[in-house]
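Observations on chain architecture
Next come the chains, spelled out residue by residue.
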Amino acid sequence: MSEGKSTTFDGWLLGAVLMLSAIGLIMVYSSSAILAHERTAGDSFYFLKKQVLAAGFGWLALVLCLRLGYRKLARLAYPLLLLAIAFMVLVLIPGIGVKVGGAYRWMRLGGFSFQPSEFAKLVWVIYLAYSLAKKREKMRSFSIGFLPHLLISGLLVGLCMLEPDFGSSVALLFVMFVMLFAAGAKLSYLVGSVLLAIPFAYHAITSSPYRYQRMMSFLDPWANRQGAGYQVAESLMSIGSGGLWGLGLGEGRQKLFFLPEAHSDFVFAILGEELGLLGVTLVVVLYAIVIWRGIHIALRASEPFGCYLALGITTLFAFHAVVNMSVVLGLLPTKGLTLPFISYGGSSLLVCLAATGLLLSVSVIPRKQTQRGGVEIRPSKHSAQAVEAPL
């Protein structure tokens, strides 16, 4: 292929994701080595090995999504949605779904654990991008542009709440509202549905003892220091003790069986403790780059499907990152959402890297249009012959 026809993808985005993934592997080992040694009778690398394996599959998925291109997903939007719903139904069946901590959120596939809600969030973005692009001329219609998406989101949210997984439910709804707003849905529909949802959200919190306790511990974690507020209090102590420079990599104290979920939901607290304000700032800057480039890619997309897909993926990354860091800092109630690319969790890492591949594929532009930050690649046979999806 001639030089004029070569293509480029966004190097800034890829570089930021690569750095976040590397930081994630380092912090997963640092925060889990002692716990792994205790649980596995001597294998300090247990959690790291599983995370490295997930990262390997994730980077393979990233490359495949980049090489195949995002346009092929338009034809798979409905089958993927049905598959995601099927997985979320199956995970609720005892014997298929695995109950951990009182929730059915995981399935066993061979020797691996799989979290259907992580897959469902990406599929939800793909479906919404396809649907919004297809209906872009009728988005101000309640019966066509708003109601169908609300009903399908209600089904997915209902399945999440049965697990229960309140954090993923909020993520699904937040992504939908951002994408509907960007697509031109009437603001009155969006605001009205939020107002109608408030009583249901209030009931979901007050009717569940553990959610109510989480809310109370968020309002005053020190009032119940040894109870519901324990995790938040330990997190604040962890990240607050890091200071400017941190205690040093591997020198954190809260991971010594004081802070629960130190390698997963609260890995950001250990990062702050060991790497200090400078480490926290680096991670925040890297997420800012991911969000900046994601929005840039969405604005420059050559077609509506690519634009909405890039916006949805970027929104999903931003929501997870902001909520997780806010929970660690005591700014939001505990939600159980992972920190993208960093927290321990194979399903989350795999889906995030696959989503990055799709985002990079949307960013592919002719070399002559490349701005600073592009990285040259050779397009695959499929992407070279790709045409606009029948939206």
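Each value, and the rule that gives it
Residues numbered from 1 in each chain as written. Predicted model: local features only at pLDDT ≥ 70, side-chain atom pairs only at ≥ 80, totals over all residues. Heavy atoms only, no water. Helix = DSSP H or I, 4+ residues; strand = E, 2+ residues; numbered from the N terminus. Buried < 20%, exposed > 50% of the residue type's maximum accessible area, 1.4 Å probe, protein only. Contact = heavy atoms within 4.5 Å. Core = buried A, V, L, I, M, F, W, Y, C linked by side-chain atoms within 4.5 Å. Polar contact = N/O pair within 3.5 Å; in protein donor to acceptor, adjacent residues only side chain to side chain. Patch = residues over 30% accessible without salt bridge, like charges linked within 9 Å, V, L, I, M, F, W, Y side chains within 5 Å. Areas by Shrake-Rupley, 256 points an atom, 1.4 Å probe, with all protein chains shown as cover. Salt bridge = Lys/Arg side-chain N within 4 Å of Asp/Glu carboxyl O. Pairing = 2+ DSSP bridges. Axes fitted to C-alpha atoms, helices over the stretch in contact; angles between N-to-C directions.

Some thoughts on the side chain of S168
Tracing the chain through its elements places S168 in helix α6 (residues 166-183). A relative accessible area of 1% places S168 in the buried class. Once residues lying within four places of it in the same chain are set aside, the contact partners of S168 are S117, K121, C160 and L337.

Description of the nonpolar core
Formed by 102 residues in total, the largest nonpolar core has its most connected members in Y287, F305, L309 and I313. In terms of residue count, helix α11 (residues 304-328) provides more of this core than any other element does, 14 residues in total. If we skip the residues at most four places from it in the chain, Y287 touches L20, A321, M325, L339, P340, F341 and I342. Among the nonpolar cores identified, the runner-up in size contains five residues, and V28, L35, A36 and F47 belong to it.

Remarks on the side chain of S31
Relative to the assigned elements, S31 resides in helix α1 (residues 11-39). Within polar-contact distance, the side chain of S31 engages the backbone oxygen of M27 at 2.6 Å. A polar contact of 3.4 Å, which involves the side chain of S31, links it to the backbone oxygen of V28. Residue contacts for S31: discarding those within four places in its chain leaves K255, A262, H263, V267 and I270.

Digging into a nonpolar patch on the surface
Together, L53, F57, L60, L64, L68, F112 and L350 line one region of the surface with nonpolar side chains, adding up to about 620 Å² of accessible area. Looking at which element gives the most residues to the nonpolar patch, the answer is helix α2 (residues 46-68), with five residues. The exposure class of L53 is partly exposed, given its relative accessible area of 38%.

Quick word on the sheet that holds strand β3 (residues 103-109)
Two pairing modes exist for strands in a sheet, parallel and antiparallel, and in both the strands are linked by backbone hydrogen bonds. Overall, antiparallel pairing links the three strands, which are arranged β2-β3-β4 in an open sheet. Every other strand in the sheet has two partners, leaving β2 (97-100) and β4 (112-114) as the edge strands with one partner each. Each strand of the sheet is rotated relative to its neighbour by a mean of 45°, with strand direction disregarded. Sheet topology places β3 next to β4; three bridges connect them, and they run antiparallel.

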